[in-house]
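# Overview (structure and organization)
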Amino acid sequence: MPIPEAGLAGIAAGIALEQVRPWRLMRRRAAGSAAVGAGSLIVAAAVKAAARTELAEPDELVTTGVYGVSRNPMYVGCTLLHLGVGLLTRSGWVLATLPLAAAAMHRDVVGEELRLSERFPDEFRQYCEAVRRYL
């Protein structure tokens, strides 16, 4: 399952910090499981919808399936996974790295959307008018 590097880096940094100086939170197993489950389903749906497209160099926009609800479902799913891992592991550090990882992913999204707007000017503009960036 593809997970953006910023998301993985945030989770890894939180886990590393947890090893150095534990910051344990109250258990939120149900919320953590729900976030991991939802994030996994969203990422899987995004992968399925984009299965025939080379995402690094697309020759067409993917606008169906979960991409009809969010222009960046993999990033939404990754953010939910990050939240869920933090809640399931009770790690304050994993949760504390979430805003930084989200900001880095947003920077990546803006860059990707700029490239798509240059590659598919009219089609991408119409897509942006019809579908929100995240939710």
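About the criteria used
Once a new chain begins, its residue numbering starts again from 1 and follows that chain's sequence as written. A pLDDT threshold of at least 70 governs which residues receive local features in this predicted model, and a stricter bar of 80 or more applies before side-chain atom pairs are shown or counted, although totals over entire chains, interfaces and linings include all residues. Side-chain metrics in this entry use all non-hydrogen atoms of the structure; hydrogen atoms and water are not considered. Secondary structure is summarised from DSSP: a helix means a run of H or I of at least four residues, a strand means a run of E of at least two, and numbering begins at the N terminus for each. Any residue under 20% of the maximum accessible area for its type is buried, any over 50% is exposed, and the rest in between are partly exposed; the area is computed with a 1.4 Å probe on protein chains only. Asp and Glu are treated as the negative residues and Lys and Arg as the positive ones, with His and the ends of the chain left uncounted. The location of each charge is read from NZ of Lys, CZ of Arg, CG of Asp or CD of Glu. By the convention used here, residues are in contact when the closest approach between their heavy atoms is within 4.5 Å. You can read pLDDT as the predictor saying how much it trusts each residue, on a scale of 0 to 100. As used in this record, nonpolar core signifies buried Ala, Val, Leu, Ile, Met, Phe, Trp, Tyr and Cys residues forming a set joined through side-chain atoms within 4.5 Å. Residues are called lining when one of their atoms sits within 4 Å of a cavity or pocket point, these points coming from a 1 Å grid over the protein atoms alone, where a cavity is a set in which a 1.4 Å probe fits but cannot get out and a pocket is an open set with protein on both sides within 12 Å along at least five of seven lines. Grid points are joined across faces, edges and corners, and a volume is the space filled by probe spheres set on the points. Expected helix span is given by 1.5 Å per residue-to-residue step, counting one fewer step than there are residues. Axes here mean lines fitted to C-alpha atoms, for a helix over just the part in contact, with angles spanning 0 to 180 degrees between N-to-C directions. Angle categories are assigned with fixed cut-offs, so that under 35 degrees is roughly parallel, over 145 is roughly antiparallel, 65 to 115 is roughly perpendicular, and the rest are oblique. For any pair of crossing helices, the crossing counts as left-handed if the nearer helix is rotated counterclockwise from the farther one by less than a right angle, and right-handed if it is rotated clockwise. By the convention adopted, Pro, Cys, Tyr, Trp, Phe, Met, Ile, Leu, Val and Ala count as nonpolar, Lys, Arg, Asp and Glu as charged, and the other residues, Gly among them, as polar. When the centres of two rings from Phe, Tyr and Trp lie within 6.5 Å, Trp using its six-membered ring, the rings pair. Their planes under 30 degrees apart give stacked, over 60 give edge-to-face, and anything left gives tilted.

Before going further, it helps to spend a moment on the overall build of the protein. Across its full length, the protein holds six helices and zero strands. When the elements of the protein are put in sequence order from the N terminus, they spell out α-α-α-α-α-α. Across the 135 residues in the protein, those meeting the buried criterion constitute 35%. Positive and negative charge centroids in the protein, built from 15 and 13 side chains respectively, lie 16 Å apart.

What follows deals with the side chain of threonine 53. Note on placement: threonine 53 falls in the loop between helix H2 (29-49) and helix H3 (73-89). The class of threonine 53 is buried, set by a relative accessible area of 12%. When sequence neighbours within four positions are dropped, the list of residues in contact with threonine 53 reads Pro58, Glu60 and Val62.

Let us look at the confidence of the model for the protein. In this model, the protein carries an average pLDDT of 94, and 98% of its residues clear a pLDDT of 70 or more. Ranking the elements of the protein by mean pLDDT puts helix H1 (residues 5-20) last, at 93, and helix H6 (residues 121-130) first, at 98.

On to the nonpolar core. One recurring pattern in soluble globular proteins: nonpolar side chains tend to sit buried together. The biggest cluster of nonpolar side chains holds 11 residues, and these are Ala46, Ala50, Leu61, Val62, Val66, Tyr67, Met74, Phe120, Phe124, Tyr127 and Val131. Setting aside residues no more than four positions away along its own chain, valine 131 makes contact with Tyr67, Gly68, Val69, Ser70 and Arg71.

Here the focus is the layout of surface pockets. Take a probe with the size of a water molecule and roll it over the atoms, and the empty space left behind shows itself. Approximately 700 Å³ is the volume found for the largest pocket. Along its surface, the largest pocket is lined by 26 residues, and Leu55, Ala56, Tyr75, Glu112 and Leu116 are the ones closest to its centre. Those elements giving two or more residues to the lining of the largest pocket turn out to be H3, helix H5 (98-119) and H6. When residues in the lining of the largest pocket are grouped by element, the largest group, six residues, is from H5.

Okay, H1 next. In this model, H1 (16 residues) spans 22 Å end to end at C-alpha, consistent with the 22 Å of a helix rising 1.5 Å per residue. Looking at the buried positions of H1, the neighbouring elements they touch are H3, helix H4 (92-96) and H5.

With that settled, consider the packing of H2 against H3. For the pair H2 and H3, interaxial distance at closest approach is 7 Å and the crossing angle is 155°. The angle between H2 and H3 places the two elements in the roughly antiparallel class. Relative to H3, the crossing made by H2 is left-handed. Partitioning the contact of H2 with H3 into residue classes produces 18 nonpolar, six polar and one charged.

So, on to the packing of aromatic side chains. Working definition: an aromatic ring pair is given by the centre-to-centre distance plus the angle between the planes. In this structure the tally under the stated criterion is two aromatic pairs. Ring geometry for tryptophan 23 and tryptophan 93: centres 5.1 Å apart, planes at 80°, overall edge-to-face. Taken together, the residues span a long stretch of sequence, with tryptophan 23 in the loop between H1 and H2 and tryptophan 93 in helix H4 at a distance of 70 residues. For tryptophan 23, a relative accessible area of 38% puts it in the partly exposed group.

Turning our attention to the environment of glutamate 123. Mapped onto the fold, glutamate 123 is located in helix H6. Assessed through its relative accessible area of 41%, glutamate 123 is described here as partly exposed. Each C-alpha atom of the pair glutamate 123 and glycine 68 lies 14 Å from the other, and the pair is 55 residues apart in sequence.

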